[in-house]
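Here's the letter readout for the chains.
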Amino acid sequence: MNVLWDLDGTILDAWPTLVQSFIQISGKDLDPDKVLPLLKNGNAFEKYGVPSEKIIDFRKTERTFRHEEKPLFPYVRDILEQNNINVLVTHRNRESTEELLDYWNLAPYFEEVICPEFDGFFLKPHPESYEYLHRRYQIDLAIGDQDTDLIPAREIGISTCAFRNPNPYADYAIDCYSKFETITCKDRG
Ligand SMILES: O=C(O)COP(=O)(O)O
């Protein structure tokens, strides 16, 4: 199978550190459970009155967290190993993405990694980066933890797998990759 992956919240359990970084740069005493869905939807800056320019501080702060605080989800490596081709589209910047992939020894699994903003593609959910990868690798399945990861795949007719992660801030039902086969089959009807 040729699979297009999201990184944060799908391969790495990185939302807790993203949320903590946002809380730090906001300078407010915010509830992580409330911040998480807003950060995922891209509304957190507006909702908490944090100027959008602070996104640079947000990203810098997030990188001060140790790599082991953004752990690899269980079973992901097994799935990566089974696939013919894996590719990645992430909103994380290239330097940080490469550091994390190297740290978790994941880089060799990926044929191509796209960090849209830095590689000249529109950000997800714009389908441009997915179209490009689909043309090159005939993607069978896209896996992501947010609608924004799955919308572009659906738009161009790629099957999708919604990963519900077990992190403590999860705002929806808990699944995990041990159920990957079931999720995939369900998704494909
Ligand atoms: O870092 C983020 O904002 C999300 O990154 P992702 O696209 O890998 O989920």
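Residues numbered from 1 in each chain as written. Predicted model: local features only at pLDDT ≥ 70, side-chain atom pairs only at ≥ 80, totals over all residues. Heavy atoms only, no water.

Things to note about the site of the ligand
All residues in the neighbourhood of the ligand are listed as Asp-6, Leu-7, Asp-8, Arg-59, Thr-90, His-91, Lys-124 and Gln-146. Between an oxygen atom of the ligand and a side-chain N or O atom of Asp-6, the distance comes to 2.7 Å. At a separation of 2.9 Å, an oxygen atom of the ligand approaches a polar side-chain atom of Lys-124. Out of a free accessible area of 290 Å², the ligand has 94% covered by protein chains. (Near = heavy atom within 4 Å. Polar contact = N/O pair within 3.5 Å; in protein donor to acceptor, adjacent residues only side chain to side chain. Areas by Shrake-Rupley, 256 points an atom, 1.4 Å probe, with all protein chains shown as cover.)

Brief notes about helix H6 (residues 94-103)
Among the residues making up H6, those that are buried are Ser-96, Thr-97, Leu-100 and Leu-101. Looking straight down H6, one finds its buried side chains confined to an arc of 130°; they lie on one side. The exposed residues of H6 that point more than 90 degrees off its buried face are Glu-95 and Asp-102. Each element contacted by the buried residues of H6 is listed here: helix H4 (55-64), strand S2 (85-89) and strand S3 (110-114). (Buried < 20%, exposed > 50% of the residue type's maximum accessible area, 1.4 Å probe, protein only. Helix = DSSP H or I, 4+ residues; strand = E, 2+ residues; numbered from the N terminus. Arc of directions from axis to C-beta. Contact = heavy atoms within 4.5 Å.)

Comments concerning the environment of Ala-14
Looking at the element boundaries, Ala-14 is found in the loop between strand S1 (2-5) and helix H1 (15-26). Here Ala-14 falls in the buried class, since its relative accessible area comes to 0%. For the pair Ala-14 and Asn-93, spaced 79 residues apart in the sequence, the C-alpha separation amounts to 14 Å. Ignoring any residue separated from it by four or fewer positions in sequence, one finds Ala-14 in contact with Asp-8, Gly-9, Lys-70 and Arg-92.

Looking at unusual backbone geometry
With an omega of 15°, the peptide bond between Lys-124 and Pro-125 qualifies as cis. Mapped onto the secondary structure, Pro-125 falls in the loop between helix H7 (116-119) and helix H8 (128-137). For Asn-105, which is not glycine, the phi dihedral falls at a positive 55°. Within the secondary structure, Asn-105 is located in the loop between H6 and S3. Notably, Gln-138 is not glycine yet its phi reads approximately 45°, a positive angle. Here Gln-138 shows up in the loop between H8 and strand S4 (141-144).

So, the packing of H1 against H4
Between H1 and H4, the least distance of the axes is 8 Å, while the angle of their chain directions is 125°. Between H1 and H4, the crossing angle belongs to the class labelled oblique. Between H1 and H4 the crossing geometry is right-handed. Across the interface between the two elements, Thr-17, Leu-18, Ser-21, Phe-22, Gln-24 and Ile-25 of H1 pack against Asp-57, Phe-58, Arg-59, Thr-61 and Glu-62 of H4. Here the residues of the contact of H1 with H4 sort into four nonpolar, four polar and three charged. (Axes fitted to C-alpha atoms, helices over the stretch in contact; angles between N-to-C directions. Parallel < 35°, antiparallel > 145°, perpendicular 65-115°, else oblique. Left-handed = near helix turned anticlockwise from the far one by under 90°. Nonpolar A, V, L, I, M, F, W, Y, C, P; charged D, E, K, R; others polar.)

Here's the deal with the packing of aromatic side chains
Tallied over the full model, the rule gives seven aromatic pairs. For the pair Phe-22 and Phe-58, a centre-to-centre distance of 6.4 Å together with 75° between the ring planes defines the contact as edge-to-face. Taken as a pair, Phe-22 in helix H1 and Phe-58 in helix H4 lie far apart in primary sequence, 36 residues in all. With respect to class, Phe-22 is no different from Phe-58; both count as buried. Plain terms: the ring middles of Phe-121 and Tyr-132 are 5.4 Å apart, the flat faces sit at 45° to each other, and that makes the pair tilted. One end of the pair, Phe-121, is in the loop between H7 and H8; the other, Tyr-132, is in helix H8, and eleven residues separate them in sequence. Taking relative accessible area as the criterion, Phe-121 reaches 19% and is therefore assigned buried. In textbook terms, an aromatic cluster arises when at least three aromatic residues are bridged by ring pairs, as seen for Phe-22, Phe-45, Tyr-48 and Phe-58. (Phe/Tyr/Trp six-rings, centres within 6.5 Å; stacked < 30°, edge-to-face > 60°.)

These figures capture arrangement, not role.
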